[in-house]
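# Coordinate inspection notes
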Amino acid sequence: MKNLKKQEALNASLNGNNGVIFFAYNNEQIDYIRLAILAASAVKKHMKNNQTCLITDKSSLDWNSKSTTSKVLDKAFDHIITEEPEHKSNIRKFYDSPWTTFECQFENWNKNDVIKLTPFDKTLMLDVDFLVNNNFLDIIFKLDETLMLYTDAITLRNEPPFHTLERRLHKKGIPMLWSTAIYFDKNDEVVQLFFELWGHIKDNWDFYRYLYGFSTKIYRTDFAVSIATHMLNGFVENTLVKPLPDNPMKYVEPKDDIQDVLSDGIRCLSHKPDEEWQHIFVNSKNENLHIMNKKAIDRNWDKLMRLYE
């Protein structure tokens, strides 16, 4: 494995090299590296473009030696980049079912630096709670597009998002795009401008919260990329940033749960947003899934790892 630091990462690119990259910074509640290992294992099983890179910090790596093993880490990742994040308070409320919540720090301030850190020319950046269960995303590396992400999402019930902030930045605001999965060619000038805009928006977050009229104070990369795309398109409807091939993104809501892991898929328990005591079982097979309930992933980590062996 190549254990790369920031400056070394800038020199690690290989011409024509494709890969998938994950950011993972542990907090007191969630072992993000453990989730990243699972997500990378899913990529290794289902995608041909399966070189993987982990961006994390030293303290998270030190903890990983207690939660898994170096052998498991080495198998999951071809590159590891140690990058200390910008430490700013970003306390987020997490759900684990409709009735359980917890709050903790969410480190996402440096995701826009991925264009500088990636060891690949063409990169698919995935959140660690996104599980690849087919090979659809392989096609993006053969397309002429240089920047793609999810522009829409649907729930386990195949319904559009229930909450306004999962569709628009506010009721009458611009459409929300998803930073869960972003494909980019780092050598493209438009892509470079997109990431520069993303960084600018992050550095002036309070101003853009006011300008675009949303109430949440936490820094959300979904909102940042939505604003960056809006600016990149001259403040009109998006035409430059294309949707990923399996758009809309299927997602497991934070109040949903994983009921079991089957030999050929994942069985989830889906709540009804307007009547949260009502649940249905949904069997997901061969679908890429953004599982937003991170505690549910952790509870089923061993079973899910066997699914990706």
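Residues numbered from 1 in each chain as written. Predicted model: local features only at pLDDT ≥ 70, side-chain atom pairs only at ≥ 80, totals over all residues. Heavy atoms only, no water.

## Quick look at the overall build of the protein
Helix and strand counts for the protein stand at ten helices and 17 strands. Computed over C-alpha atoms, the radius of gyration of the protein comes to 18 Å, within 12% of the 19 Å expected from 2.2 N^0.38 for 309 residues, which places it in the range of a compact globule. If you line up the protein on its principal axes, its C-alpha atoms span 50 × 50 × 40 Å. Once local pairs closer than 6 in sequence are excluded, the contacts in the protein between residues at least 24 apart make up 74%. On the protein, roughly 14,100 Å² of surface is accessible, and the fraction owed to carbon and sulfur atoms is 49%. (Helix = DSSP H or I, 4+ residues; strand = E, 2+ residues; numbered from the N terminus. Rg over C-alpha atoms; globule rule 2.2 N^0.38 Å. Contact = heavy atoms within 4.5 Å. Areas by Shrake-Rupley, 256 points an atom, 1.4 Å probe, with all protein chains shown as cover.)

## Points about the packing of aromatic side chains
According to the stated counting rule, one finds 16 aromatic pairs in the structure shown. With a centroid separation of 6.0 Å and an interplanar angle of 40 degrees, the aromatic rings of phenylalanine 130 and tyrosine 150 are classed as tilted. Of this pair, phenylalanine 130 sits in strand 8 (residues 130–131) while tyrosine 150 sits in strand 9 (residues 147–150), and the two are 20 residues apart along the sequence. Considering the side-chain rings of phenylalanine 207 and tyrosine 208, the 5.0 Å spacing of their centres and the 85 degrees angle between planes classify their relative orientation as edge-to-face. Ring-pair connections join several aromatic residues into one group, and the members of that group are Trp109, Trp205, Phe214, Tyr219 and Phe223. (Phe/Tyr/Trp six-rings, centres within 6.5 Å; stacked < 30°, edge-to-face > 60°.)

## Quick look at the side chain of aspartate 256
With respect to the helices and strands, aspartate 256 occurs in the loop between strand 13 (249–252) and strand 14 (257–262). Buried within the structure, aspartate 256 lacks any salt-bridge partner; its nearest side chain of opposite charge belongs to arginine 157, at an N-O separation of 6.2 Å. Each residue touching aspartate 256, except ones within four places of it in the same chain, is listed here: Ser97, Leu156, Leu269, Ser270, His271 and Asn293. (Buried < 20%, exposed > 50% of the residue type's maximum accessible area, 1.4 Å probe, protein only. Lys, Arg positive; Asp, Glu negative; His and termini not counted. Salt bridge = Lys/Arg side-chain N within 4 Å of Asp/Glu carboxyl O.)

## Overview of unusual backbone geometry
Along the chain, asparagine 247 connects to proline 248 via a cis peptide bond; the corresponding omega equals 5 degrees. Within the element layout of this structure, proline 248 appears in the loop between strand 12 (242–243) and strand 13. Non-glycine residue phenylalanine 235 carries a positive phi angle of around 65 degrees. Checked against the element boundaries, phenylalanine 235 lands in the loop between helix 8 (221–232) and strand 12. Of note, asparagine 286 is a non-glycine position whose phi angle comes to about 60 degrees, a positive value. Positionally, asparagine 286 belongs in the loop between strand 16 (275–284) and strand 17 (289–291).

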